[in-house]
Amino acid sequence: MSEPLIRIQGLSRRFDTGGGFLKAPRSMMAVRDVSLDIARGEVLGVVGESGCGKSTLARLVLRLIEPTSGRVRFDGTDLTALKPAALRAARRRMAMVFQDPYSSLDPRYTLAEVLAEPFVVQGQAVTQDRLAAMLAAVGLPPAMLGSHPHQLSGGQRQRVGIARALALSPAFVVLDEPTASLDVSIQAQIIDLLSGLRDRMGLTYLFISHDLGLVRYFCDRIVVMYLGAVVEVLDRADAAPRHPYTRALIDSGFAPDPSRRRAIAPLAGEIPSPFSLPPGCAFAGRCPRASDLCRRDIPALSAGEDHPVACFHPL
Amino acid sequence: MTALLQVTDLSVAIGALRLLDGVSLSVERGQILGLVGESGSGKSLTATAAMGLLPLIGGRVTGGAVYFDGRDLARMSEAERRGLRGRRIGFVTQNPMTALDPVQRVGEQIDVVSRLHLGLSKAAARARTVDLMTQLRIPEAAAVAEAWPHQLSGGMKQRIVIAMALAGEPDLIIADEPTTALDVTVQAQIIQILGGLVRERGMGLLLITHDMGVVAQVCDRVAVLYAGRLAEDGAVGPIFAAPAHPYTAALIGCIPQDGMAPGSLRGIPGVVPSARAFPSGCRFHPRCARATPDCAAQVPPLAPRGAAGAGRAACLHMLPEAG
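No experiment lies behind these values; they were computed from the predicted model shown.

Here we take up the pairing of strand 8 (residues 204-209) of chain B. Residues and elements named next belong to chain B. A large share of strand 8 lies buried, amounting to six of its six residues. Here strand 8 shows no split at all, with Gly204, Leu206 and Ile208 on one side and Leu205, Leu207 and Thr209 on the other all buried. Judged from the five bridges that link them, strand 3 (residues 32-36) and strand 8 form a sheet pairing that is parallel. Looking across to strand 8, one finds that Gly34 is bridged to Leu207. Both strand 7 (residues 172-176) and strand 8 contribute to a ladder of five bridges, which runs parallel. Counted as the bridge partner of Ile174 is Leu206 from strand 8. In the classification by handedness, the crossover that spans strand 7, the intervening helix 8 (residues 184-201) and the parallel strand 8 is right-handed.

Residue and element names in this part refer to chain A. Two numbers describe how helix 3 (residues 111-121) lies on helix 4 (residues 128-137): the axes approach to 10 Å, and their chain directions differ by 110 degrees. Judged by the inter-axis angle, helix 3 sits roughly perpendicular to helix 4. Residue-level contacts link Ala112, Leu115, Ala116 and Phe119 of helix 3 to Arg130, Leu131, Met134 and Leu135 of helix 4. Considering only residue class, the contact of helix 3 with helix 4 consists of seven nonpolar, no polar and one charged.

Aromatic ring pairs: the centre-centre distance and the angle between the two ring planes describe each pair. All names here are of chain A. As enumerated under the stated definition, the model contains nine aromatic pairs over all chains in all. A centroid spacing of 6.2 Å and a plane angle of 35 degrees characterise the contact between Tyr205 and Phe218, whose relative ring orientation is tilted. Here Phe218 lies in helix 7 (residues 212-218) and Tyr205 lies in strand 8 (residues 204-209), a separation of 13 residues in the sequence. Tyr205 sits in the buried class, given a relative accessible area of 1%. Where Phe207 meets Phe218, the ring centres are 5.1 Å apart and the plane angle is 70 degrees; that geometry is what we call edge-to-face.

Further remarks concern the sheet that holds strand 2 (residues 26-38) of chain A. Pairing between the strands of a sheet comes from backbone hydrogen bonds, and it takes one of two forms, parallel or antiparallel. All names here are of chain A. Read across the open sheet, the four strands follow the order 2-1-4-5; overall the sheet is antiparallel. Strand pairing shows two members of the sheet lacking a second neighbour, strand 2 and strand 5 (77-78), which therefore form its edges. The pairing of strand 4 (residues 69-74) with strand 5 spans two bridges and is antiparallel. For Arg73, the partnering residue across the bridge sits in strand 5 and is Asp78.

Calculation rules
- Per-chain numbering applies: the sequence of each chain, read as written, is numbered from 1 onward.
- Whichever chain is written first is A, and whichever ligand is written first is 1; the rest continue in order.
- Where totals are concerned, whole chains, interfaces and linings use all residues; where local detail is concerned, this predicted model gives features only for residues with pLDDT of at least 70, and gives and counts side-chain atom pairs only at 80 or more.
- By convention in this description, side-chain values take in all heavy atoms of the structure and omit both hydrogens and water.
- Three labels apply to residues, based on accessible area from a 1.4 Å probe with only protein chains included: buried if under 20% of the type maximum, exposed if over 50%, partly exposed otherwise in between.
- What counts as a helix is a DSSP run of H or I of at least four residues, what counts as a strand is a run of E of at least two, and both are numbered from the N terminus.
- Here, any two strands with at least 2 DSSP bridges between them count as paired.
- With the strands pointing away from the viewer, any crossover whose connection runs clockwise from the first strand over the helix to the second is right-handed.
- Only the contacting stretch of a helix is used when fitting its axis, a line to C-alpha atoms as for every element, and angles between N-to-C directions run 0 to 180 degrees.
- Angles are sorted into four bins: roughly parallel if under 35 degrees, roughly antiparallel if over 145, roughly perpendicular if 65 to 115, and oblique for all others.
- The criterion used for residue contact is that any of the two residues' heavy atoms lie within 4.5 Å.
- Here the term charged refers only to Asp, Glu, Lys and Arg, the term nonpolar to Ala, Val, Leu, Ile, Met, Phe, Trp, Tyr, Cys and Pro, and the term polar to all other amino acids, Gly among them.
- By convention, a stacked pair of Phe, Tyr or Trp rings (six-membered ring in the case of Trp) has centres within 6.5 Å and planes under 30 degrees apart, an edge-to-face pair has planes over 60 apart, and any other such pair is tilted.

Now the structure itself:
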């Protein structure tokens, strides 16, 4: 087996806040001891609700923010140990597509300037023909090079965001909720585009989303996160969930089929504050299977019968 | 029996832009109508018109009418319309943060609705507030009522907004994407609670959403809007079993489902047209796989789809009845 493109080992990130006048400092673990491999050509999905740490994880993997502990190896190189110049060079092979195509494109730039920027940052020259080809690759007419972002629809803007991410022919792309601010009708277009680009350019994706249905449709393997920790890794998109939280996520989706209406057993309560986590399993307070053990000890992510799950009482 | 909310052949313009064109829909007591379509299809504008709030956004009715409980909104005085809102029509917005006053405790914001509209005393209003919050499954409701909005999670804030909408004992609730801003597990709870309360109390609910999954799960009937016109309407069961309008079928096909083969998730090519440049004929024809030259030449009339009473669709080439 060849070495994975990305190897994440024991990655953690703590955020500290407060500590001002009359305010006690507080801290939270946004990402807690995450270890993952991403194989070449794979689409790895990370799914979870707000505050689960999925976006922080995405930024840690690209070292857009620094980890509190742990390492990220990219194609054999330890990114976490690189000096700034070497990191910039390594970043030619990595890219990110952001959630909101309205705020991730500079409104004063033309599309030609947006697309030329990655080359400028890396000190490379670029021709108009190349920029036009980049637009064509994401299904936009080259005549748009002179347009400004406000003249585009949301879907077209996200295509520009993807074209910019692919400017330097990266091997690895982090997709942070790339369709969350688009209409569902446009979402499928973008997923189709990403899927075609992966085949054509041999890309590896880390796909971040809150939508388990979409992740199950698009991804080869799925990582489920809850409050900073990985609770389950589904080896196949259609694998049966073993963690009660994954089950609840699946059950919360509404199928567009009125004959399959069902009473959802809603999860009790809401996600606890990451600043004051209870001891034990972070999900215990909402879990129908929780026992005293769950409220006392934190379950480790261990290889279950078929795939890794962090639960004392898996399904 | 008159419908609770009856929108008849409604056309609305803002300035020179004709945004709604002949939209008709109705909501009965105890019934949930889903109003769906992509962004820019006119869903929220329809809701604004149904509350008589068009002047606030510079809009005007250019044709048709909105009847609430048999009475034409346009023939009421502004004072009468104001009396309806909050008292007989409750409203739930998409973003709870914009609906709540950040510098007032959440319980007081609910209290004020029943004090104003039902004339309750301070103590009676609070008792009612706590009771409503409990029905919305807010734990320790009396304590949460003393909280400020910023201390609550998004799901909790949206429950407060729903409690405000319910506090005047309205006959009709209009909810504009009430769960879009929430996490999926919370969305499922809120939709179920809202649907349950509406049926229990015999209210009507106009539920605006872009999510066909939500419609399938809770609505009785559905109206599909496209570019300011009604594309299809009818009972949820027959429409999901066999959509007649290609746009309805496309919206249903956009939702990823279990067991879908890679590449089988279909989008809709192109984008919703701008009101500055609506296409001729059927406004969906440039994006439609079934379009023929006829579709660009003539506006398709709303015609019965399939069996009598199974709803209507505006399409020259309706999809054949499946199965």
